[in-house]
Amino acid sequence: MQMKYLRRFGTFAADGKHRLLARGLAVAALWIGAWAIAPAQAADIQGDAAAGAQKNAMCIGCHGIENFKTGFPIVHRVPMLHGQNAQYIAAALAEYKVGDRKHPSMRAVAGTLSEQDMADLGAYFESAGPRKIDPPVATTNDPAVALLNRGGCQSCHGANFNKPINPAYPKLAGQHADYLYVALKAYQQTEPKPFIGRGNPIMQSMVKQFSANELQTLADYLESLPGDVVTVQRSRFR
Amino acid sequence: MNTPKRIAFGVAAATAPAVSMADYSFNFPDPVTPIAHETLHVHNLFMIVILVIFFAVFGIMIYSMWAHRKSRGHAAAGFVAPRSGKQWFWVSVPFAALLVIDYGVFGVPAYHAILSYEDTRTEADMVVKITGNQWLWQYEYPKEGIQFSSRLTTPRAQIDNEEAKGEHYLLEVDNPLVLPVGKKIRFITTSNDVIHSWWVPAFGVKRDAVPGFLREFWAKVDRPGTYRGQCSELCGKEHGFMPIVVHVLPEAEFNAWLAAQKAGSAAAPADASAPAPETPAADAQTKS
């Protein structure tokens, strides 16, 4: 039921006339959603970065190697996680576990994790980021800016894309463009497929309006922004 | 000490460490499937034939060096082509002997072993799908609708040398594969990401798990027990940390395990529900 409304809302948001109104509504809905979700997550599970560092063996096999590439669904660099928001990482792992986010390897790994493991890993990755910056909002005439405004991306992911309004949302600034493109394309996969797609209805409705070229432009621009997320190269002995 | 005593003492000293290595096996692990038996048989046969040829060739050579030396008036051969029928016969003997050994003595049992490895003539009693993943194994019983992941349980502290290593160091998992004894099982292997290889030495089987492909093999385990193996295709950072553990149970116990899994206790580790009949002999195999 909720999904249906959100889909309809997506079409509503995509038509030009109601864009501003739609964006306002979206922000309001997200705030309410965030209030509803955030306390439930934070209730009793506290991430422990030190415990996460003991559990990250499988993660850093890919996410601990700079520019490491995976081959599915297309060849792309795996996302940089060090410095990413802890709550977002835990939430993403939870989505992989239940299959809302689809990627065979991630699903298999996340499937073996408890909520406590996810929180610990989130805390580990957030604390392991060497950078904590708050870059100024970029003022350029990059065509991507108009696209980002059209999608209302800043309203959740932050004006500089490094400070999302809710720690359960990802920092995007500086993230690998090829990963961002694959992730955005996954939200456009609305027909159920076993191994491709992401189920977040808000992102689905926001991304629907963009062509593949536009998504590529967005992704390239986001990668060029300064941000916290990096890959900390793992030790050769670990 | 006279010479014979010295020799006897030397031999005794050289072989003494073997006593302490009684548990150490140079040979194949104790086979528990028909294919593993055949593999061991082929291996032993090869060893015998090779040793016979080795001693025959070197025996003749060393004898000739001693008996046909120059000081006794022997001249080196001119190495011209064989002329008489008798010479042609002895030239063709090794050729014929090798043909018979390769295609007959070795070939027939090897062919038979491969047939049993790829045995599609009879129906399998059960299908198990094995999916390799960086870096754990997933098992699925498609007909029974059971699916679970099998992940290393060796504590990080043991790997980091902060604790003493356990008995099954790096060969222990949370949810082992559980199989019935004496049933023909069709294994299907595939992978989610890169090429892995599913290998249990005591079963005598090893199949690459290739992404995008389904590969298969058949096996029937004769004896209940716990069998351990490892991923045997280099698959990345945790390649050495994705072991395989198989519990082979008598049919009644297997059915009980199956019922427990179906009843929704899939989350509970199979270790708890399956009283593992650990046979030390079967268990010691992969450690050598």
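Residues numbered from 1 in each chain as written. Chains lettered and ligands numbered in written order. Predicted model: local features only at pLDDT ≥ 70, side-chain atom pairs only at ≥ 80, totals over all residues.

1. Comments concerning the overall build of chain B
Our working rule: Secondary structure elements follow DSSP: runs of H or I no shorter than four residues count as helices, runs of E no shorter than two count as strands, and numbering proceeds from the N terminus. Exposure criterion: with C-beta atoms placed from backbone coordinates, a residue whose C-beta has 20 or more other C-beta atoms within 10 Å is buried, one with 12 or fewer is exposed, and one in between is partly exposed. Any residue pair is listed as a contact if its two C-beta atoms, each placed from the backbone, are within 7 Å.
The secondary structure content of chain B amounts to 8 helices and 10 strands. Of all 288 residues assigned to chain B, the portion counted as buried reaches 26%. Long-range pairs, those at least 24 residues apart, make up 70% of the contacts in chain B between residues at least 6 apart in sequence.

2. Some points on the overall build of chain A
Each helix and strand in chain A was counted, giving 12 helices and 2 strands. Taken from the N to the C terminus, the helices and strands of chain A come in the order α-α-α-α-β-β-α-α-α-α-α-α-α-α.

3. Focus on the sheet that holds strand β9 (residues 225–231) of chain B
Residue and element names in this part refer to chain B. As a reminder, the rule being used: Between any two strands, at least two bridges found by DSSP are needed for them to pair. In this description, a line fitted to the C-alpha atoms serves as the axis of each element, helices being fitted only across the stretch in contact, and the angle between N-to-C directions of two axes falls anywhere from 0 to 180 degrees.
If you trace the 5 strands from one edge of the open sheet to the other, you get β4-β10-β9-β6-β7, paired in mixed fashion. The open sheet has two free edges, formed respectively by β4 (177–180) and β7 (205–209), since each of these has just one partner strand. Here the average twist between neighbouring strands, direction ignored, is 25°. Relative to strand β10 (residues 244–249), β9 runs antiparallel, the two being bridged by 5 bridges. Bridge pairing in β10 links G229 to I244. Against the sheet, helix α6 (residues 251–262) touches β4 and β10, its axis set at about 135° to β4.

4. Observations regarding the nonpolar core
To be explicit about the condition: Each nonpolar core reported here comprises buried Ala, Val, Leu, Ile, Met, Phe, Trp, Tyr and Cys residues connected via C-beta atoms within 7 Å. As annotated, the domain borders come from an automatic or database domain assignment.
Counting 64 residues, the largest nonpolar core has I89(A), L93(A), F203(B) and V246(B) as its most contacted members. Residue contributions to this core peak at 8 residues, all from helix α5 (residues 86–98) of chain A. Both domains that furnish three or more residues to this core are identified here as domain 1 (34–67 + 83–117) and domain 2 (126–287) of chain B. Counting residues in each nonpolar core, the second largest holds 20 residues, with A177(A), V182(A), M203(A) and Y221(A) among its members.

5. Side note on the pairing of strand β2 (residues 136–141) of chain B
Residue and element names in this part refer to chain B. Here strand β1 (residues 126–133) runs beside β2; their pairing, made up of 5 bridges, is antiparallel. Paired with K129 across the strands is E140, a residue of β2. Counting the residues that bridge the hairpin from β1 to β2 gives 2 residues. As defined by bridge partners, β2 adjoins strand β3 (residues 146–150) across 5 bridges and the pair is classed as antiparallel. When the sheet's bridge partners are listed, Y141 is paired in β3 with I146.

6. Comments concerning the sheet that holds β2(B)
Residue and element names in this part refer to chain B. Pairing in this open sheet of 5 strands is mixed, and the strands run β3-β2-β1-β5-β8 from one edge to the other. Strands at the two margins of the open sheet, each flanked by one partner only, are β3 and β8 (215–220). Going across the sheet, the axis of each strand differs from the next one's by a mean of 25°, ignoring polarity.

7. Points about the domain arrangement of chain B
All names here are of chain B. Keep this limit in mind: Each residue receives one of three labels: charged for Asp, Glu, Lys and Arg, nonpolar for Ala, Val, Leu, Ile, Met, Phe, Trp, Tyr, Cys and Pro, and polar for the others, Gly being one of them.
Here the domain parsing of chain B yields domain 1 (34–67 + 83–117) and domain 2 (126–287). Between domain 1 and domain 2, the C-alpha centre-to-centre distance is 38 Å. Facing 5 residues of domain 1, the contacting portion of domain 2 comprises 8 residues. Looking at the side of domain 1 that touches domain 2, the element that brings in the most residues is helix α3 (residues 34–67), giving 4 residues. Counted by class, the side of domain 1 that touches domain 2 contains 4 nonpolar, 1 polar and no charged residues.

8. Some words on the confidence of the model for chain A
Residue and element names in this part refer to chain A. Short version of the rule: For every residue, the predictor reports its confidence as pLDDT, a number between 0 and 100.
Scored by pLDDT, chain A comes out at a mean of 82, with 82% of its residues at no less than 70. When mean pLDDT is compared element by element in chain A, strand β2 (residues 76–77) scores highest at 94, while helix α1 (residues 2–14) scores lowest at 50. Here residues 33–40 is a poorly scored stretch, pLDDT under 50, and it has 4 contacts once near neighbours within four places are set aside; other chains count.

9. Regarding the interface of chain A and chain B
The partner chain B presents 14 residues to the 9 residues of chain A that form the contact. Counting residues per element, the side of chain A that touches chain B draws most heavily on helix α6 (residues 104–111) of chain A, at 4 residues. Classifying every residue of the side of chain A that touches chain B by side-chain character gives 4 nonpolar, 5 polar and no charged.

10. A word on the environment of N149(A)
Residues and elements named next belong to chain A. Of note, N149 is situated in helix α8 (residues 143–151). Taking the C-beta count within 10 Å as the criterion, N149 has 13 such neighbours and is therefore assigned partly exposed. For the pair N149 and A92, spaced 57 residues apart in sequence, the C-alpha to C-alpha distance is 25 Å.

11. With respect to helix α7 (residues 115–128) of chain A
Each full turn of the α-helix corresponds to 3.6 residues, which orients residues three or four apart in the same direction. Applied cut-off: Multiply 1.5 Å by the residue count of a helix minus one, and that product is the helix's expected span.
Here α7(A) is 14 residues long and its end C-alpha atoms lie 20 Å apart, about the 20 Å a rise of 1.5 Å per residue gives. Along its buried surface, α7(A) packs onto α3 (49–55) and α5 of chain A.

12. Here we look at the packing of α8(A) against helix α12 (residues 212–224) of chain A
All names here are of chain A. Threshold: To sort the angles, those under 35 degrees are grouped as roughly parallel, those over 145 as roughly antiparallel, those from 65 to 115 as roughly perpendicular, and the leftovers as oblique.
It is the contact of α8 with α12, at a shortest axis distance of 9 Å, that shows an interaxial angle of 105°. Between α8 and α12, the angle is such that the two are roughly perpendicular. Contact residues: P143, A144, L147 and L148 in α8; E214, T217, L218 and Y221 in α12. Partitioning the contact of α8 with α12 into residue classes produces 6 nonpolar, 1 polar and 1 charged.

13. Concerning unusual backbone geometry
The linkage connecting F72(A) with the following residue, P73(A), adopts the cis geometry, with an omega of -5°. Residue position: P73(A) is located in the loop between β1 (69–70) and β2. In this model, Q134(B) is joined to W135(B) through a cis peptide bond whose omega is 0°. One non-glycine residue, N161(B), adopts positive backbone phi at about 65°. Looking at the element boundaries, N161(B) is found in the loop between α5 (156–159) and β4. Its 8 C-beta neighbours within 10 Å are what place N161(B) among the exposed residues.

14. What to know about the confidence of the model for chain B
Residue and element names in this part refer to chain B. Overall, the predicted model of chain B reaches an average pLDDT of 84, with 88% of residues at or above 70. Considering only residues more than four positions removed or in separate chains, one finds that residues 266–288, a stretch of pLDDT under 50, has 46 contacts. Predicted complex metrics record ipTM = 0.73 and pTM = 0.75.

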